[in-house]
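# Overview (structure and organization)
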Amino acid sequence: MQLPTVPGALTPSLLAIPVVFSINGATALADSPLMLTGVLVLAGLISIIFFVSGGSHFQDPLFCVFVLFSFTSVVDLVISLEEDGYISGFMEVYVREGEPYLRTAHGIMICYWDGIIHYGLYLAMIAAIGQRKSYRNLGLFWLGSLMMSIVVFLLGNMIGKYSSDLSPAFLLNLPYILIAIWAGVRLFQQPKALPCLSPEKVAEEQRKHLYQRPQDMGLVLLLLLTAAFTFFRGMVVLDCPADSCFEYIYQHEPYLRDPVAYPKVQMLIYMFYVLPFFCLCIYGLVLPGCSWLPDWSLVFAGAVAQAQFSHLGSSLHARTPFPYQTPEDVWWSFLLTNVLYALGPLLLAYRCLRCPAFFLPATPASLHTGKKHQ
């Protein structure tokens, strides 16, 4: 199935985008019985949920988003399984003609993550909506994971070796960004689940210095090491002439040289966005009352977890050309450093959720109690 070529489709005006989607969608449905079947299955799934729930679930607009994205997650899982040879005959034509960059190691890894982790999160959040429970924390983790996946994927496609193969199907990824931003705003607007802590307890926790909190000291040390490693790998992909950078990119992580550009984009995003956040996290662990840290730690934990899974898997995947695969003699050091890199933000998010008193805004009552104990 050859997707139609629309002149200037990669930079359409905002008014032209719906037209492009309509033309491409209608042509794709007419030419692909499999895609038509998928649309009918999705419509049937939404109809069944509507009639079974009596429409009560649809009071939360994010419910529709999670149902739709759960369907696309299953499609991504099918793509990854087919590209790895476990199944065949489902999405081969679409991937080959529409989005060939999904056949890269990075494309396969993000499809696995979307088809397993994101799909599990969608089911958990749908269940929470049905039971009238809060899903805010799960949603923030999902938001960071989805945004990291989309941004690296799109930028890598535009500047990597597949930039000349972009087709109008590439535009189908853009609504994901708009929907994810809208969903993120909705999630941040949901009320937080406030812990049952007295002002005295909050004041007592916030009076502790860093040396009186050994777990936080360990987190600060881990974040400092992670920040240093982030800066180092950023300099590596920026072609720093230092001998240590040259040795690292050729002997430890040659995947950073892969012309698909995903690893380079990933390291630059780490350097310019994740590195400043690590510095803010250290600040939030030293000084009390940083109420923004629990929410944003979840967002960045999801983002780094997704990024590290894709980076690790792509570095070792057979679809990556052999010169860019991680050498076998450094596998263990490579795995250890990258797993620890993902572990830092996850431990920080867990710490913020488990013991939130240190990050709560100081109330007048707690301030008065704190002065009385001094």
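As shown above, the structure is provided for reference.
Reading guide: rules and limits
Residues numbered from 1 in each chain as written. Predicted model: local features only at pLDDT ≥ 70, side-chain atom pairs only at ≥ 80, totals over all residues. Heavy atoms only, no water. Axes fitted to C-alpha atoms, helices over the stretch in contact; angles between N-to-C directions. Helix = DSSP H or I, 4+ residues; strand = E, 2+ residues; numbered from the N terminus. Parallel < 35°, antiparallel > 145°, perpendicular 65-115°, else oblique. Left-handed = near helix turned anticlockwise from the far one by under 90°. Buried < 20%, exposed > 50% of the residue type's maximum accessible area, 1.4 Å probe, protein only. Phe/Tyr/Trp six-rings, centres within 6.5 Å; stacked < 30°, edge-to-face > 60°.

So, about the packing of helix 12 (residues 293-316) against helix 13 (residues 331-354). Running from amino to carboxyl end, helix 12 crosses helix 13 at an angle of 165°, the nearest separation of the two axes being 8 Å. With respect to each other, helix 12 and helix 13 are oriented roughly antiparallel. Every pair of crossing elements has a handedness; the one defined by helix 12 and helix 13 is left-handed.

Okay, the environment of Leu-123 next. For Leu-123, the position within the fold is in helix 5 (residues 105-130). Judged by relative accessible area, Leu-123 falls into the partly exposed class, the value being 42%. When the C-alpha positions of Leu-123 and Val-67 are compared, they lie 8.4 Å apart, and in sequence the two are 56 residues distant.

Our focus in this paragraph is unusual backbone geometry. Even without glycine at this site, Arg-132 takes up a positive phi of about 55°. Looking at Arg-132, the relative accessible area reads 55%, which means it is exposed. Phi at Ala-261 is positive, roughly 75°, even though this residue is not glycine. Position of Ala-261 among the secondary structure elements: in the loop between helix 10 (243-251) and helix 11 (262-286).

Moving on, we get to the packing of aromatic side chains. All chains considered together, the criterion is met by 19 aromatic pairs. Aromatic side chains Phe-229 and Tyr-248 sit 6.3 Å apart centroid to centroid with 80° between the ring planes, which places their arrangement in the edge-to-face category. You can see Phe-229 sitting in helix 9 (residues 214-237) and its partner Tyr-248 sitting in helix 10, a full 19 residues away along the chain. A single burial state applies to Phe-229 and to Tyr-248, both of which are buried. Seen in terms of ring centroids, Tyr-270 and Tyr-341 are 5.0 Å apart; in terms of plane orientation they differ by 40°. Their pairing is tilted. A residue pair is termed long-range when its members are at least 10 positions apart, and Tyr-270 in helix 11 and Tyr-341 in helix 13 qualify at 71 residues.

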